[in-house]
Amino acid sequence: MIMLEHQRNWAQQLVAASAAELSAVQPDCVSAARAAALQALTTLPLLDRKQEAWRYTRIDSLLEHHFLPAAAAPAVPASVLNGCLLPAFDAWRLVFANGRFMPWMSDLHDLPAGVQLCSLREALTTNPEQLSKWFGQALQHDGHVFTALNTALVNDGVYLNIENGVELERPIEVIYFNQCGAVPLLLQPRNLVILEPAARATLIERFISPDESLYFHNNLSEIVLGAGAALNHHRVLDESRSAYHLGSLNLSQQQHSRYHGTSLAFGGRWTRTEYNTSFRQQGAECLLHGLYTVGDQQLNDIHLDVRHTVPGCTSREQFKGVLYGKGRAVFDGRILVEKQAQRSDASLTNDNLVLSRDAEIDTKPQLEIHADDVRCSHGTTVGQLDPQQLFYLRSRGIDLITAGKMLCQGFAGDILDAIEVPVLRKLADSRLVEILGAATVAAE
Amino acid sequence: MLAISNLHVAIEDKPVLRGLDLNTGAGEVHAIMGPNGSGKSTLAHVLAGREGYQVTKGEVLFEGADLLVLEPEQRAHKGIFLGMQYPVELPGVNNMIFMRESVNAVRRARGEPALDAVTFLRRVREQAGLLELDETLLKRNVNAGFSGGEKKRNEILQMAMLEPKLAILDETDSGLDIDALRVIAGGVNALRSPQRSILLITHYQRLLEYIQPDYVHVLLEGRIVRSGDWQLALQLEEKGYGWITGEAAA
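Predicted model only: the values in this text are computed from it and were never measured.

So, how was this worked out
Residues numbered from 1 in each chain as written. Chains lettered and ligands numbered in written order. Predicted model: local features only at pLDDT ≥ 70, side-chain atom pairs only at ≥ 80, totals over all residues. Helix = DSSP H or I, 4+ residues; strand = E, 2+ residues; numbered from the N terminus. Rg over C-alpha atoms; globule rule 2.2 N^0.38 Å. Buried ≥ 20, exposed ≤ 12 C-beta atoms within 10 Å, placed from the backbone. Pairing = 2+ DSSP bridges. Axes fitted to C-alpha atoms, helices over the stretch in contact; angles between N-to-C directions. Parallel < 35°, antiparallel > 145°, perpendicular 65-115°, else oblique. Left-handed = near helix turned anticlockwise from the far one by under 90°. Contact = placed C-beta atoms within 7 Å. Nonpolar A, V, L, I, M, F, W, Y, C, P; charged D, E, K, R; others polar. Core = buried A, V, L, I, M, F, W, Y, C linked by C-beta atoms within 7 Å. pLDDT = per-residue confidence, 0-100. Arc of directions from axis to C-beta.

(A) Here's a closer look at the overall build of chain B. Counting its regular elements, chain B contains nine helices and ten strands. Scaling as 2.2 N^0.38, a compact globule of 250 residues should have a C-alpha radius of gyration of about 18 Å, and chain B matches this with 18 Å. The dimensions of chain B, computed from C-alpha atoms along their principal axes, are 60 × 40 × 35 Å. Sorting the 250 residues of chain B into buried and exposed places 43% on the buried side.

Structural data, given as structure tokens:
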């Protein structure tokens, strides 16, 4: 119980540390939401390992740190920031460095009519009506201490609104760059993405840290897709090996909308990604692809809550993991098909390649089906490199380490293939090769 | 080129090869025939360096040096190739990328420069054409969804690309129809050369109608009990292995 009480104190300390920053914020259209979340922090049930969603994911070490608000962050030199841009990548771009929006690094020129793309802070003054209409709408339930913390201190993030029928031809790239030296930062971007009916876009989020910076990146996105809207959403998590990262993605989908998410998690000490999907009308489709790699002192947790609440929707979830060293991963995938959600089509798979004795995976696909006319499947595998396949490659002159790398790349290939942006596919591939280099050497 | 003397091999402490002797010279084609369980595939795998086989006695020299101390990839670098009876599928590993990695790994180990993409592609296409291998298979994942015949053609294609000194073909004829057999035999014959030694491991005499060996050996219970020229294969076809078993017993 002492531990549990510690959670409240920890959250209160973070709020107190942000007090100065918060008091500087003028009352705005989300003030009420902030106040409600502040209140929730004192009443929400605390997290403990008896709860299924937190059973294999300890938060003890996260709660040991006293994180500071982004105001305490050191500035990041332009030359460093420039280094993280993808070469010749034509995209609209928002860059956040240590939590601060960097207009001069961003590229928001020539947005087509009907597209509002800016920092959330800017939208609070320029688009309060639209913002307050949608803010909090995609959150399905009260959430937990971390989502409440995000709302309680909401201050900045990404605001995207694409009007009816507008199709973006270039992708939007959001870069979160973190390099905070000895200052342990709390970073809490809050993103609101609204695609009105028949709008289409590709959104890329990249989380980058060049060193061993310690921070807690507690990001929350609300994504609202109108009828027939389509969003491709690619996330590459390459946080520092000391960082904590919690990404909460909350989807609300109308009729015949399509969400395709890919999530690649390479870095981080403690990384958790939560997808909460809610189909509001028939015929919507949600595809999630994910790849995670974990080595020594890394934990990656994928948590899916896909709710088929209306008839005739499709969800596909395919996640793969490569574990090496003392890496740990948790996969907790839940698909709920409610009684009225007839003709639901859902499939969920989680495959893991374990390269070492000391790695650990806890995988738990759950299908909860209350309707009778549905097509649902799930499956998980945990395996090692196949000695026959390794021998085949070696008998062709390929050394053991390269052979292992090739098989791992092959294993991960169909997830990477789901990335529809070539330059990002290439980036993911080369990061994977780098990581597998270290992983397969470690497995020797 | 290859000198095997008094080779004893066990699998999980169960003896399989029991004193096998075999010498092959450059430019020679040797056929090893024998019934199921006589140790044919064990011989092939031991030569290629597969794990799980315990050499309890004897030695294998390749070009005068101990072969058995080498890792599988090192044997490939020295010029040994094993065409497998059951080539495995490699999900997600592109056939072309795999072959290029393989060819260049062997070239690097020999101190030769890697083949550039254009030269490599030209050579692969040329060889695939000779083997009547559908070019779309080059773009697919290694052996994934290939038919039995396509897998074997893919093996011979790799052999052609790697230009080994010693090619061991383990039951390359199994599961092939007569047209595929003819094409594959053509591919093997095209690779016969005064510098190369070929070891054909087979159940049946059928393959030897297309690839005429210089020597035929009969493997029984882990030893070579009789050697001769290709006439021996004809006699086996006519009389069956029982003929030799009976004689060996007598």
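Picking up after the structure, the text goes on.
(B) Seen up close, the pairing of strand β8 (residues 200-208) of chain A. Residues and elements named next belong to chain A. For β8, the buried fraction is high: seven of the nine residues fall into the buried class. Note: strand β5 (residues 172-177) against β8, six bridges, orientation parallel. Across the sheet, the residue bridging to V174 is E205, located in β8. The pairing of β8 with strand β10 (residues 230-238) spans nine bridges and is parallel. Within the sheet, the bridge partner assigned to I208 lies in β10 and is D238.

(C) Layout of the packing of helix α4 (residues 117-130) of chain B against helix α6 (residues 148-162) of chain B. Residue and element names in this part refer to chain B. Relative to each other, α4 and α6 sit at 135°, their axes nearing to 10 Å. Here α4 lies oblique to α6, going by the angle between them. Note that α4 runs across α6; the crossing there is right-handed. In this structure, α4 uses R123, V124, Q127 and A128 to contact α6, whose residues at the interface are L157, A160 and M161. Tallied by class, the residues present in the contact of α4 with α6 amount to five nonpolar, one polar and one charged.

(D) Local environment of the sheet that holds strand β14 (residues 285-294) of chain A. All names here are of chain A. Reading across from one edge, β2-β1-β5-β8-β10-β12-β14-β16-β18-β20 is the order of the ten strands in this open sheet, with mixed pairing throughout. Each of the sheet's edge strands pairs with one partner strand only, and the pair in question is β2 (100-101) and β20 (375-383). Where strand β1 (residues 92-97) meets β2, two bridges bridge the pair, whose relative direction is antiparallel. For A97, the partnering residue across the bridge sits in β2 and is R100. Along the sheet face, helix α10 (residues 400-416) touches β14, β16 (314-323) and β18 (345-354) and points at about 155° away from the line of β16.

(E) Here's a closer look at the interface of chain B and chain A. Contact residues are listed per partner, giving 21 residues for chain B and 18 residues for chain A. Mapped by element, the contributors of at least two residues to the side of chain B that touches chain A are α2 (72-78) and α3 (95-109) of chain B. The element contributing the most residues to the side of chain B that touches chain A is α3(B), with five residues. Split into classes, the residues belonging to the side of chain B that touches chain A amount to twelve nonpolar, four polar and five charged.

(F) Region of interest: the nonpolar core. By size, the foremost hydrophobic cluster in this structure holds 190 residues, and its most contacted members are A:I172, A:L195, A:V322, A:L323, B:I168 and B:L200. Top element by residues in this core is α10(A). It accounts for eight residues. Beyond its immediate sequence surroundings of up to four residues, A:L323 is in contact with A:V294, A:A329, A:N352, A:V354, A:L355, A:A359 and A:I361.

(G) Representation of the environment of B:F98 within the structure. Residues and elements named next belong to chain B. Mapping F98 onto the fold places it in helix α3. With 23 C-beta atoms packed within 10 Å, F98 lands in the buried category. Taking the C-alpha atoms as reference points, F98 and L138, separated by 40 residues in sequence, lie 9.7 Å from one another. Once you skip the residues sitting within four places of it in the chain, F98 turns out to touch L90, V93 and V142.

(H) Focus on the confidence of the model for chain B. Taken as a whole, chain B shows an average pLDDT of 93; of its residues, 98% reach a score of 70 or greater. Listed scores for the predicted complex are pTM 0.92 and ipTM 0.96.

(I) Quick look at helix α8 (residues 230-239) of chain B. Residue and element names in this part refer to chain B. Among all positions in α8, only L232, A233 and L236 are buried. What you see down the axis of α8 is that its buried residues fit within an arc of 105°, all on one side. Away from its buried face, by an angle of more than 90 degrees, α8 presents the exposed residues Q231, E238 and K239. Where the residues of α8 are buried, they touch β3 (29-33), β9 (215-220) and β10 (223-228). Among the residues trailing α8, G240 stands out with phi positive, at a value near 80°.

(J) Up close: the sheet that holds strand β7 (residues 166-170) of chain B. All names here are of chain B. A sheet is described by the order of its strands in space; here six strands give the open sequence β6-β7-β8-β3-β9-β10, paired in mixed fashion. Strands at the two margins of the open sheet, each flanked by one partner only, are β6 (80-83) and β10. Averaged over all neighbouring strand pairs, the angle between strand axes comes to 20°, with direction disregarded. Sheet topology note: the β3/strand β8 (residues 197-202) ladder contains five bridges and is parallel. Note on β8: the bridge partner recorded for H30 is L199. Across the sheet, α6 touches β6 and β7, and the angle it forms with β6 is around 170°.

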